[in-house]
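# Observations on chain architecture
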Amino acid sequence: MALLEVENLSVQFYTEDGVVRAVDGLSYEIERGETVGVVGESGAGKSVAALSLLRLIDDPGEIVDGSIRFRGRDVLSFSSDELRRFRGNDVAIAFQDPEAALNPVYTVGEQVAETIRAHGVASGDAARERAISLLERVGIPDAATRYSHYPHEFSGGMVQRAVLAMALSCEPDLLVLDEPTTGLDVTIQAQVLELLEELSSSFDTAIQLVTHDLGVVARRCDRVVVMYAGRAIERATVEDLFYDPSHPYTAGLMASIPRIGDGADRLPTIPGRMADPVDPPTGCPFHPRCPYAEPVCETHRPGLVDVETGEPVADATAPDHLAACHEHTGDLDGGLEYEVLIDDETTASGGGTDP
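Below: a short report on this structure. The structure presented is a predicted model; accordingly, all values stated were derived computationally and were not measured.

Reading the values: the criteria
- Residues numbered from 1 in each chain as written.
- Predicted model: local features only at pLDDT ≥ 70, side-chain atom pairs only at ≥ 80, totals over all residues.
- Heavy atoms only, no water.
- Core = buried A, V, L, I, M, F, W, Y, C linked by side-chain atoms within 4.5 Å.
- Buried < 20%, exposed > 50% of the residue type's maximum accessible area, 1.4 Å probe, protein only.
- Helix = DSSP H or I, 4+ residues; strand = E, 2+ residues; numbered from the N terminus.
- Domains from an automatic or database assignment.
- Expected span 1.5 Å × (residues − 1).
- Contact = heavy atoms within 4.5 Å.
- Axes fitted to C-alpha atoms, helices over the stretch in contact; angles between N-to-C directions.
- Parallel < 35°, antiparallel > 145°, perpendicular 65-115°, else oblique.
- Left-handed = near helix turned anticlockwise from the far one by under 90°.
- Pairing = 2+ DSSP bridges.
- Salt bridge = Lys/Arg side-chain N within 4 Å of Asp/Glu carboxyl O.

This part is about the nonpolar core. By size, the foremost hydrophobic cluster in this structure holds 100 residues, and its most contacted members are Leu4, Leu26, Leu174, Phe242 and Tyr249. Considering every element that reaches this core, the biggest residue donor is helix α6 (residues 156-168), with nine residues. The two domains that each donate at least three residues to this core are domain 1 (1-90 + 173-355) and domain 2 (95-171).

With 18 residues, helix α7 (residues 186-203) should reach 26 Å at 1.5 Å per residue; the first-to-last C-alpha distance of 26 Å fits that figure. Taken together, the buried positions of α7 are occupied by Gln189, Ala190, Val192, Leu193, Leu195, Leu196, Leu199, Ser200 and Phe203. Those residues of α7 that are buried are in contact with α4 (124-137), α6, β7 (174-178), β8 (206-211) and α8 (214-220). Phi for Asp204, located one or two positions after α7, is positive at around 55°.

Where α6 meets α7, the closest approach of the two axes is 10 Å, and the angle between their N-to-C directions is 15°. On the basis of their axis angle, the class for α6 and α7 is roughly parallel. Here the hand of the crossing between α6 and α7 comes out right-handed. Along its contact with α6, which presents Gly157, Gln160, Arg161, Leu164 and Leu168, the element α7 presents Ile188, Gln191, Val192, Leu195, Leu196 and Leu199.

This part covers the sheet that holds strand β2 (residues 18-30). Taken together, the four strands give an open sheet; going across it, the order is β2-β1-β4-β5, and neighbouring strands pair in antiparallel fashion. What marks the edges here is a single partner per strand, and that holds for β2 and β5 (73-74). Here strand β4 (residues 61-70) pairs with β5 via two bridges, running antiparallel. The residue bridging Arg69 from the neighbouring strand is Asp74, located in β5. Relative to strand β1 (residues 4-15), helix α1 (residues 46-53) is tilted by about 115°, and along the sheet it contacts β1, β2 and β4.

Per the counting criterion, the structure on display carries 16 salt bridges. The salt bridge involving Glu41 is made with Arg289; its shortest N-O contact spans 2.9 Å. Here the residue Glu41 occupies a position in the loop between β3 (35-39) and α1, and Arg289 occupies one in the loop between α10 (248-255) and α11 (295-299), the gap between them amounting to 248 residues. Glu129 is the salt-bridge partner of Arg128, the closest N and O atoms lying 3.7 Å from each other. The partly exposed category is assigned to Arg128, whose relative accessible area is 29%.

Another aspect to go through is the pairing of β2. Examined bridge by bridge, β1 and β2 share 10 bridges and lie antiparallel to one another. By the bridge assignment, Gln12 is partnered in β2 with Arg21. Between β1 and β2, which follow one another and run antiparallel, lie two residues.

A few words on α6. Here α6 contains 13 residues, and its C-alpha end-to-end distance of 19 Å stays within 8% of the 18 Å for a straight helix at 1.5 Å per residue. Among the residues making up α6, those that are buried are Gly157, Met158, Val159, Gln160, Arg161, Ala162, Val163, Leu164, Ala165, Met166, Ala167 and Leu168.

Take the sheet that holds strand β9 (residues 223-228) next. Taking strand neighbours across the sheet as the criterion, the eight strands line up as β6-β7-β8-β3-β9-β10-β12-β11 in an open arrangement whose pairing is mixed. Each edge of the sheet is formed by a strand with only one pairing partner; in this case those strands are β6 (91-94) and β11 (305-306). Note: β3 against β9, four bridges, orientation parallel. Within the sheet, the bridge partner assigned to Gly37 lies in β9 and is Val224. Contacts from α10 reach β9 and β10 (231-237), with the element oriented near 105° to β9.

So, in structure tokens, the structure goes:
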């Protein structure tokens with residue numbers, strides 16, 4: 001049994017323009033101690049899926065279908081008290097904007113200590129000492145002094161580290177990180193990624209890493225879920241994804257990775273824009289942007305199939321190489337040759353995460 005099992009998750013938002021299908025039938029799993037990347041363009045549904053894990057979807061949003069199981073327990077059936085214990089103790093989240101996660105009128109250390117007290121891990125001076133220890137653990141220098149500093153006195157990288165300390169304060173089994181390296185320079189990005197690797201190993205913590213940076217994925221993840229228009233359109237190990245992308249959208253993302261010394265004047269781009277979540281296209285949601293689309297792509301929406309056999313998966317959370325493309329169901333004439341540049345330098349230079 002996996003640590004986290006998400007099955008057929010669907011989340012909708014009710015707006016004046018209509019029903020927004022932010023997440024549409026998403027399934028994946030995370031094992032204890034592994035890191036799973038969730039990637040895609042802005043608007044793909046990555047952050048909404050992450051918030052759903054902790055039931056942080058508020059009006060006008062709603063989880064309308066599917067299940068979320070953590071250690072076999074149904075998260076969607078938790079009472080208020082169970083949910084309060086679940087958040088922080090079992091699963092913690094570090095939001096996309098770390099500065100917004102900290103209250104500007106309280107010191108950073110006190111905010112970490114308050115999280116520790118609120119979840120009953122420690123109280124009084126013990127909570128303060130634990131907070132200082134955590135700040136040291138995430139690499140904040142002179143943590144005892146920095147405990148009394150306010151968020152505006154921290155650099156961007158130090159704020160990110162403080163938010164990680166807060167998220168790790170109760171030693172959760174799963175840490176959800178929403179764009180943890182956005183806005184950081186490449187040196188700080190590399191330090192944060194090294195810190196995540198160390199913390200994951202030390203605490204045996206599983207990580208769901210939400211990002212649009214494929215360089216981060218290449219360096220840090222074990223498996224990857226590629227999302228498009230609220231759906232998983234490819235799931236694979238990081239090696240399979242980078243060396244054998246099996247969906248045209250994934251191939252397009254790969255082609256857009258900057259590569260040192262390739263001599264290109266401009267990066268390749270995927271034409272068009274993300275499908276309208278209120279009025280999505282019929283058939284495959286990617287077909288209006290896909291250079292390989294055929295008539296069947298406009299009328300029939302492909303499900304996830306095993307790219308080797310073309311067979312639909314009986315268990316939607318199976319950790320095989322899966323893709324939602326008619327190429328793998330035998331509905332297209334001939335095989336597709338995706339024009340994507342993948343070489344041995346991808347993991348070293350992709351996304352510019354390595355210094």
